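# Reading the structure
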Amino acid sequence: MTGSLASVCERFGDTHRAFSCCDTTFRIQATGIRAETAATAAQETAESLEAQLNAFDEVSAVSQLNREGEIANEHIARIVRRGLEYNDRTDGVFDIYQGRLEHELKTFLRGDSETPPDGFDTGTVRTSGSHVTTDIKLDLNGLAKGYIVDRPSEALGGVGRRGFVSGGGDMSPPTGPVAIESPYGDDTPLKILDTDWYVATSGGYRRSRNGTDHVYDPTTESLGSRHELVTVVARRDCMEADALATTLAALPLAKARELASEWVGIEALIIHDGVFHTTDGFETHVLDT
C-alpha cells in the first residue's frame, strides 16, 4: 500500500521549491502528473543557466565572452539577439553594450568600491547561430533573469500538469493571484495581479547605495531609476517583461508612459512620486476586489 501511495504521489502531486539563484530566491510550483520530476528539471535548468550567465563568476560563459571576445553558446546567442532587438526598438535606452559599467556599478552597490562608475561605452557585437563575437564587454543582466525564468517554466508544462517559476519579481504566468510588493517598506500590496501573462518588476528600492541603484540610461548617461517601481506584464515571455521594466525605469515619466502605451503586447504600472500611472489595459490583469 505504501509503495502504491508513493507511486501515485509521484504521478500526481503538488510540489513547491525555493532555492537561491541570481542573487534572489527562486520559487517553483508544479501541480499534476509527475510534478516532482518536473520541478527538479526546472530547478536544474535554472541553476545551469545561472552558472553560464553569471557575469560575476569568472568561469561562466558570459565572463569568458567578455574576457575573450567570442563564445559558442546557444543561450547567450539568443539573449544577445533579443538585446539587439530591444536596443533598436528603444532607441538605445536598453543597451547591452555596457558590460564594463554594469560590472563596476554592481561592485559599487555591493560595497566593494567607494565610487560609482563613470562614462558609457560603445562597441559592436555579432551573432551567427550559437556563435557570438564582440569587441566590448556586454551587459546581459537586463534579460538574463527573465530568460532564467522562461526556460525552466517550459519544463513545468505538459498534459495534466501546470506550474510557474518566480524569481525575485520576475515570473512566468502565475497559476493564481500574485501581489505587487510595495516599494515603501509596508506589507500592503500595491495591486493583486490575476493574469496569464509574464510579469517583471524593476525599481531602485531593492538595490541602492547613496542614492544610486542598478538602473541606467546610456542615452542621457545617467544612473538611477526615475520611478519608485515599474511592473510590466508581457504576453510574449518574461524576457520581454524584464527588458521593458528595466527600460521604463530608466526613462522620464512622459517618455516611459508613451513607450509603454505604444508597445503592443505589454501593459505597465509606473509609480512616480507616489502616483500610480497605468497603461489603458493594465487593470484587466488586476484582480477585481
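None of these values were measured; they are calculated from a predicted model. (Residues numbered from 1 in each chain as written. Predicted model: local features only at pLDDT ≥ 70, side-chain atom pairs only at ≥ 80, totals over all residues. Heavy atoms only, no water.)

### Re the side chain of H75
The condition that has to hold: Numbering goes from the N terminus for both helices and strands, where a helix is a DSSP run of H or I of at least four residues and a strand is a run of E of at least two. For every residue, the accessible area obtained with a 1.4 Å probe (protein chains only) is divided by the maximum for its type, and the residue is called buried under 20%, exposed over 50%, and partly exposed between those limits. For this analysis, residues touch if any pair of their heavy atoms sits within 4.5 Å.
Inspection of the secondary structure puts H75 in helix α4 (residues 74–89). In this structure H75 comes out as buried when scored by relative accessible area, which is 16%. What H75 contacts, discounting residues up to four positions off in sequence, is L49, Q52 and Y147.

### Notes on helix α2 (residues 35–53)
We count it as follows: Expected helix span is taken as 1.5 Å per residue step, with the number of steps being one fewer than the number of residues.
With 19 residues, α2 should cover 27 Å at 1.5 Å per step; its first-to-last C-alpha distance of 27 Å lies within 8% of that length. Burial in α2 covers these residues: A35, A38, A39, A42, Q43, A46, L49, Q52 and L53.

### Overview of the pattern of salt bridges
Heads up, the rule is: One speaks of a salt bridge when a side-chain nitrogen belonging to Lys or Arg is within 4 Å of a carboxyl oxygen belonging to Asp or Glu.
A complete count under the given rule lists 12 salt bridges for this structure. E85 is the partner of R89 in a salt bridge, and the nearest nitrogen-oxygen pair spans 3.2 Å. Remark: E85 and R89 occur in helix α4; sequence separation between them is 4 residues, near one turn of the helix. Put simply, E85, R89, R236 and E240 are held in one network by salt bridges that share partners.

### Topic: the pairing of strand β5 (residues 131–134)
As a reminder of what qualifies: Any two strands with at least two DSSP bridges between them are considered paired.
Residues of β5 alternate between two faces, with V132 and T134 buried on one and H131 and T133 left unburied on the opposite face. Here strand β3 (residues 70–72) runs beside β5; their pairing, made up of 3 bridges, is antiparallel. Bridge assignment links A72 to a residue of β5, and that residue is H131. Two elements, strand β4 (residues 125–128) and β5, share 4 bridges in a ladder whose sense is antiparallel. Note that in β5 the partner of T127 across the bridge is V132. A loop of 2 residues connects β4 with β5, the two strands running antiparallel in sequence, and G129 in this loop sits at a positive phi of about 65 degrees.

### Examining the packing of aromatic side chains
Keep this limit in mind: Aromatic rings from Phe, Tyr and Trp, taking only the six-membered ring of Trp, are treated as a pair when their centres fall within 6.5 Å; an angle between ring planes under 30 degrees marks them as stacked, one over 60 as edge-to-face, and anything in between as tilted.
On inspection of all chains with the given rule, the structure shows 4 aromatic pairs. With centroids separated by 6.0 Å and ring planes inclined at 40 degrees, the aromatic side chains of F19 and F26 adopt a geometry described as tilted. Grouping residues by exposure puts F19 and F26 together as buried. Ring centres of Y86 and F94 lie 5.9 Å apart, and the angle between their planes is 80 degrees; on these two criteria the pair is classed as edge-to-face. Comparing Y86 with F94, the two get one shared label, buried.

### A word on empty space enclosed by the protein
For clarity, the cut-off: Here the term cavity refers to a set of points on a 1 Å grid, laid over the protein atoms alone, in which a 1.4 Å probe fits but cannot get out; the term pocket refers to an open set having protein on both sides within 12 Å along at least five of seven lines, with lining residues being those that place an atom within 4 Å of a point. Grid points are joined across faces, edges and corners, and a volume is the space filled by probe spheres set on the points. Put simply, Ala, Val, Leu, Ile, Met, Phe, Trp, Tyr, Cys and Pro go in the nonpolar bin, Asp, Glu, Lys and Arg in the charged bin, and everything else, Gly too, in the polar bin.
Applying the stated criterion to the full structure yields 1 cavity of 30 Å³ or more. Computed from the structure, the largest cavity encloses a volume of approximately 40 Å³. Taken together, L53, A55, V62, E102, L138, D139, L140, N141 and A144 make up the lining of the largest cavity. Looking at the lining of the largest cavity residue by residue, the class counts come to 6 nonpolar, 1 polar and 2 charged.

### With respect to the state of the cysteines
Put simply, the rule is: What counts as a disulfide here is a pair of cysteine sulfur atoms lying within 2.5 Å.
Scanning the entire structure with this criterion turns up 0 disulfides. This cysteine, C21, is not joined by any disulfide, and C22 carries the nearest cysteine sulfur, 3.7 Å off. On the basis of relative accessibility, which here comes to 0%, the residue C21 falls in the buried class. Take C238: it sits in no disulfide, and the sulfur closest to it among the cysteines is that of C22, at 11 Å.

### So, the nonpolar core
Condition: To define a nonpolar core, start from buried Ala, Val, Leu, Ile, Met, Phe, Trp, Tyr and Cys residues and group those joined through side-chain atoms within 4.5 Å.
Ranked by size, the top nonpolar core spans 62 residues in total, and within it L53, I76 and V232 carry the most contacts. A total of 9 residues in this core trace back to one element, the largest contributor, which is helix α7 (residues 238–250). Not counting chain neighbours up to four residues away, the residues in contact with L53 comprise V62, I76, I79, A144, Y147 and I148.

### Here's the deal with the environment of A260
Looking at the secondary structure, you find A260 in helix α8 (residues 253–262). Residue A260 is classed as buried on the basis of its relative accessible area, which comes to 2%. As for A260 and T247, which are separated by 13 residues in sequence, their C-alpha atoms are 9.7 Å apart. Other than its neighbours up to four places away in sequence, A260 contacts L248, I266, A268 and T279.

### Looking at the packing of α4 against helix α6 (residues 141–156)
Short version of the rule: Throughout, an axis means a line fitted to C-alpha atoms (over the contacting stretch in the case of helices), and angles, computed between N-to-C directions, take values from 0 to 180 degrees. Any angle from 65 to 115 degrees is called roughly perpendicular, while one under 35 is roughly parallel, one over 145 is roughly antiparallel, and all others are oblique. Should the near helix be turned counterclockwise from the far one by less than a right angle, the crossing is left-handed, whereas a clockwise turn marks it as right-handed.
Where α4 meets α6, the closest approach of the two axes is 11 Å, and the angle between their N-to-C directions is 125 degrees. Of the possible angle classes, the one that applies to α4 and α6 is oblique. Regarding α4 and α6, the two cross each other, and that crossing is right-handed. Along its contact with α4, which presents H75, R78, I79, R82, G83 and Y86, the element α6 presents L143, A144, Y147 and R151.

### Some details on the confidence of the model for the protein
Note the cut-off: Looking at any residue, its pLDDT shows the predictor's confidence there, from 0 to 100.
When pLDDT is averaged along the protein, the result is 90; 92% of the residues meet or exceed 70. Note that pLDDT drops below 50 for residues 1–9; the model gives that stretch 0 contacts with residues more than four away or on any other chain.

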